[in-house]
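Below are the chains, spelled out letter by letter.
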Amino acid sequence: MKPKDLTQFWKRTLDEMGRTGLNALLEEADQQSGREFITYSVALDSFQGCRLRAWYSVPKDPPPGGKFPAVLVVPGYGGGKPIPTHLLLGGFAVLTLFPRGQGESRKEWELESGTKLTYYVTDKERFYYRGAYADCVRGLDFLCSRREVDGTRLGMWSRSQGGGLTLAAASLDPRLRMAIAEEPFLCNFPVAVEITTNPYRELHDYLGQHPGQRQAVLDTLAYFDSLNLVENIRCPTLMDVGMKDETCPYRTVMPVFERIPGPKAIHVYPDLAHSPCTDFNAHAMSWLRRYLGA
C-alpha cells in the first residue's frame with residue numbers, strides 16, 4: 001500500500017540533502033582515461049554528510065553546441081561498475097557514481113551490519129536505500145554543477161539494482177530528460193519478499209527469521225518501492241525484462257512499468273535470463289540520441 005506521507009517523506013529527505021553542499025573534489029585519473037576521453041576521480045558530499053566516490057568522464061572533442069549531454073550510471077547490487085566507454089565514444093559525458101557503501105564509495109563508509117536490503121529495514125529513516133536514492137539525486141546535482149554539461153539534457157541508464165535506482169531517480173527528480181531501467185531491481189516488494197533467489201532472498205530469509213517484524217518491514221519498503229514511486233515519472237522511460245529472469249522477474253517488473261504515466265516502452269525477451277542484452281543496448285542508444293541529442 002502506498003504510504004499517505006510518501007511525497008512528504010521524500011521532499012523532507014531531499015530538502016535535508018539540499019542543505020549540504022557538494023564539496024566536490026576532482027583529480028585527473030590517468031588510468032581510467034582513454035585516448036578519446038578524460039576521467040577524473042570525484043569525491044563529494046551527499047545526504048546526511050556521507051561522502052561518495054565517482055568517476056567523471058568527459059570526451060576530449062567538444063560538442064557542436066559547446067556543452068555535453070550527460071548520463072548518470074550506477075552499479076548493480078554487487079557494487080562494482082566499469083566506466084561505460086561506449087557512451088563516451090557516443091558523445092556523452094558520464095558520471096559513474098557509487099552510492100554509499102558500494103564500489104569506490106566503500107573507501108568512505110561501509111555497512112556496519114546486515115545487507116543493503118536488510119540494513120534498518122524496519123526504520124524508513126535509516127533504511128539503506130533512503131541514502132542510496134538520495135545519492136543518485138546528488139549525482140544529478142554534480143552534473144548540473146559542471147559548466148561543460150548541458151543540465152537540460154541529462155539521462156540515466158543502469159541495470160538491475162542500477163535499474164531500480166534509475167526508476168527512483170526519475171521519480172524523485174524532474175531534471176532527468178530520459179531514463180533507461182534495464183532489468184530493474186527494487187520493484188514490487190510485496191511480491192519480491194517471497195522470492196528465494198538472490199538478492200531478494202535476503203528479505204525472504206530475514207522475514208523467516210523475524211516473522212513478527214513482517215508488517216514493519218513491508219511498511220518501510222513501501223517508501224522505496226518503485227511500484228509506489230513511478231507515478232511521478234514524466235520523462236520518457238525505456239525498460240526491459242527477461243522471461244527467464246529469476247533475479248528480477250517479470251512479476252515484479254511489469255506492474256511497475258504499467259504505473260509509469262509518461263512516455264514509455266518495454267522490451268520483453270522470452271529467452272533472456274538476468275544478463276545484458278545486445279538487442280536492448282541498441283534500442284537504448286537510440287533512445288539516448290533521440291532524447292538527449294548527442
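Residues numbered from 1 in each chain as written. Predicted model: local features only at pLDDT ≥ 70, side-chain atom pairs only at ≥ 80, totals over all residues. Heavy atoms only, no water.

Notes on the pattern of salt bridges
Link 1 in the chain: Scanning all chains against the criterion turns up 21 salt bridges.
Link 2 in the chain: Its salt-bridge partner being Arg53, residue Glu108 comes within 2.6 Å of it at the nearest N-O pair. In this pair, Glu108 sits in the loop between β5 (93-98) and α3 (128-145) while Arg53 sits in strand β3 (residues 51-59), placing the two residues 55 residues apart along the sequence.
Link 3 in the chain: One salt bridge in this structure joins Asp141 and Arg138, with 3.2 Å as the shortest N-O distance. Note that Asp141 and Arg138 are positioned in helix α3 at a spacing of 3 residues, about one turn of the helix.
Link 4 in the chain: Exposure remark for Arg138: the relative accessible area of 4% places this residue in the buried category.
Link 5 in the chain: A cluster of three or more residues bridged by salt bridges with shared partners is formed by Arg12, Lys124, Glu125 and Arg130. (Salt bridge = Lys/Arg side-chain N within 4 Å of Asp/Glu carboxyl O. Helix = DSSP H or I, 4+ residues; strand = E, 2+ residues; numbered from the N terminus. Buried < 20%, exposed > 50% of the residue type's maximum accessible area, 1.4 Å probe, protein only.)

Here's the deal with the side chain of Asp240
Link 1 in the chain: Looking at the element boundaries, Asp240 is found in strand β8 (residues 237-242).
Link 2 in the chain: Despite its burial, Asp240 remains without a salt bridge, the nearest opposite charge being carried by Arg159 at 6.8 Å.
Link 3 in the chain: From its side chain, Asp240 meets the backbone nitrogen of Glu183 in a polar contact 2.9 Å long.
Link 4 in the chain: Apart from the residues lying within four places of it in its own chain, the contact partners of Asp240 are Ala181, Glu182, Glu183, Pro184, Ile266, His267, Tyr269, Leu272, Cys277 and Phe280. (Lys, Arg positive; Asp, Glu negative; His and termini not counted. Polar contact = N/O pair within 3.5 Å; in protein donor to acceptor, adjacent residues only side chain to side chain. Contact = heavy atoms within 4.5 Å.)

Here we look at the sheet that holds β8
Two pairing modes exist for strands in a sheet, parallel and antiparallel, and in both the strands are linked by backbone hydrogen bonds.
Link 1 in the chain: The 9 strands lie next to each other as β1-β2-β3-β5-β4-β6-β7-β8-β9, forming an open sheet whose pairing is mixed. Whereas interior strands pair on both sides, the edge strands pair on one side only; in this sheet they are β1 (25-28) and β9 (264-269). Across the sheet, the axes of successive neighbouring strands diverge by a mean angle of 20 degrees, strand direction being ignored.
Link 2 in the chain: Pairing of strand β6 (residues 149-159) with strand β7 (residues 176-182) involves 6 bridges; the strand directions are parallel. Each residue of the ladder has a partner; that of Arg159, found in β7, is Glu182.
Link 3 in the chain: Taken strand by strand, helix α4 (residues 161-172) contacts β6, β7 and β8, and its axis lies near 145 degrees from that of β6. (Pairing = 2+ DSSP bridges. Axes fitted to C-alpha atoms, helices over the stretch in contact; angles between N-to-C directions.)

Thoughts on a nonpolar patch on the surface
Link 1 in the chain: A cluster of nonpolar side chains, contributed by Met243, Tyr250 and Val268, occupies part of the molecular surface with about 240 Å² of accessible area.
Link 2 in the chain: Looking at where Val268 falls in the secondary structure, it is placed in strand β9. (Patch = residues over 30% accessible without salt bridge, like charges linked within 9 Å, V, L, I, M, F, W, Y side chains within 5 Å. Areas by Shrake-Rupley, 256 points an atom, 1.4 Å probe, with all protein chains shown as cover.)

Side note on unusual backbone geometry
Link 1 in the chain: Omega for the bond connecting Asn198 with Pro199 falls within 30 degrees of zero, at 0 degrees, which places this linkage in the cis form.
Link 2 in the chain: Positioned with a positive phi, Tyr120 is a non-glycine residue whose angle comes to about 50 degrees.
Link 3 in the chain: By secondary structure assignment, the location of Tyr120 is in the loop between β5 and α3.
Link 4 in the chain: Phi at Glu183 is positive, roughly 45 degrees, even though this residue is not glycine.
Link 5 in the chain: Checked against the element boundaries, Glu183 lands in the loop between β7 and α5 (189-192).
Link 6 in the chain: Under the relative-accessibility criterion, Glu183 is labelled buried at 0%.

A word on the side chain of Arg153
Link 1 in the chain: Within the element layout of this structure, Arg153 appears in strand β6.
Link 2 in the chain: Within polar-contact distance, the side chain of Arg153 engages the backbone oxygen of Leu292 at 2.9 Å.
Link 3 in the chain: Arg153 has contacts with Lys67, Phe68, Pro69, Ala70, Arg177, Leu292, Gly293 and Ala294, leaving out every residue within four places of it along the chain.

Brief notes about α4
Link 1 in the chain: In this model, α4 (12 residues) spans 17 Å end to end at C-alpha, consistent with the 16 Å of a helix rising 1.5 Å per residue.
Link 2 in the chain: The element α4 is extensively covered by neighbouring structure, given that 12 of its 12 residues are classed as buried.
Link 3 in the chain: All buried positions along α4 are accounted for by Gln161, Gly162, Gly163, Gly164, Leu165, Thr166, Leu167, Ala168, Ala169, Ala170, Ser171 and Leu172. (Expected span 1.5 Å × (residues − 1).)

Describing the packing of aromatic side chains
Think of a pair of aromatic rings as described by two things: how far the centres are apart, and how the planes are tilted against each other in angle.
Link 1 in the chain: Applying the stated criterion to the full structure yields 18 aromatic pairs.
Link 2 in the chain: Counting every residue linked through ring pairs, the aromatic cluster contains Phe9, Trp10, Phe127, Tyr128, Tyr129, Tyr133, Tyr223 and Phe224.
Link 3 in the chain: Over the aromatic face of Tyr77 sits the side chain of Lys116, whose NZ or CZ is 4.0 Å from the ring centroid.
Link 4 in the chain: Its end group placed over the ring of Phe257, Lys264 keeps NZ or CZ at 4.7 Å from the ring centre. (Phe/Tyr/Trp six-rings, centres within 6.5 Å; stacked < 30°, edge-to-face > 60°. Lys NZ or Arg CZ within 6 Å of the ring centre and 35° of its normal.)

A word on the pairing of strand β4 (residues 68-73)
Link 1 in the chain: The buried fraction of β4 amounts to 6 of the 6 residues, a majority that puts the element mostly inside the structure.
Link 2 in the chain: Alternating positions in β4 separate into two faces, Phe68, Ala70 and Leu72 on one and Pro69, Val71 and Val73 on the other, with burial throughout.
Link 3 in the chain: Alignment of β4 against β6, held across 4 bridges, turns out to be parallel. Within the sheet, the bridge partner assigned to Val71 lies in β6 and is Gly155.
Link 4 in the chain: Relative to β5, β4 runs parallel, the two sharing 4 bridges.

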